[in-house]
Amino acid sequence: MQSLSADQRTLDGLRSSLTQSQNQYASDQQDYLGLSAKLNSDRTALENLQASLLVAQNQYEQAKQLYDASSGSLAEYRSEEHTSELQSRQYLVCRLLLE
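Described in the following lines is the structure provided in the data block. (Residues numbered from 1 in each chain as written. Predicted model: local features only at pLDDT ≥ 70, side-chain atom pairs only at ≥ 80, totals over all residues. Heavy atoms only, no water.)

**Describing the overall build of the chain**
Then step 1. When you go through the chain residue by residue, the secondary structure sums to two helices and zero strands.
Then step 2. When each of the 99 residues of the chain is scored for burial, the buried share is 0%. (Helix = DSSP H or I, 4+ residues; strand = E, 2+ residues; numbered from the N terminus. Buried < 20%, exposed > 50% of the residue type's maximum accessible area, 1.4 Å probe, protein only.)

**Let's talk about the pattern of salt bridges**
Then step 1. Tallying each qualifying case throughout the model produces two salt bridges.
Then step 2. Arg15 is the partner of Asp12 in a salt bridge, and the nearest nitrogen-oxygen pair spans 3.7 Å. Of the two residues, Asp12 and Arg15 are both situated in helix 1 (residues 2–86); the distance of three residues between them amounts to about one turn of the helix.
Then step 3. The partly exposed category is assigned to Arg15, whose relative accessible area is 47%. (Salt bridge = Lys/Arg side-chain N within 4 Å of Asp/Glu carboxyl O.)

Next up, the structure:
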């Protein structure tokens, strides 16, 4: 009869170990699923950020090209305007008075 008790205790110990293992597995699985969901969310956020960065880079390049194209002609226009102003009678009189 004592051997049945020893067998019963062994069986109870195995059941307890199995239950603990199952609980640990379930906990680990929940942790994995949570991490997996966070990883997917982070991956989506990173992809959105990369897309936004690409759009911003394209907009910057377009703005830079427009600025470069317009600043050359604008500088030439200002230079011509400035030269003609300095050659006007009003500015000539002012320069002569200042000298």
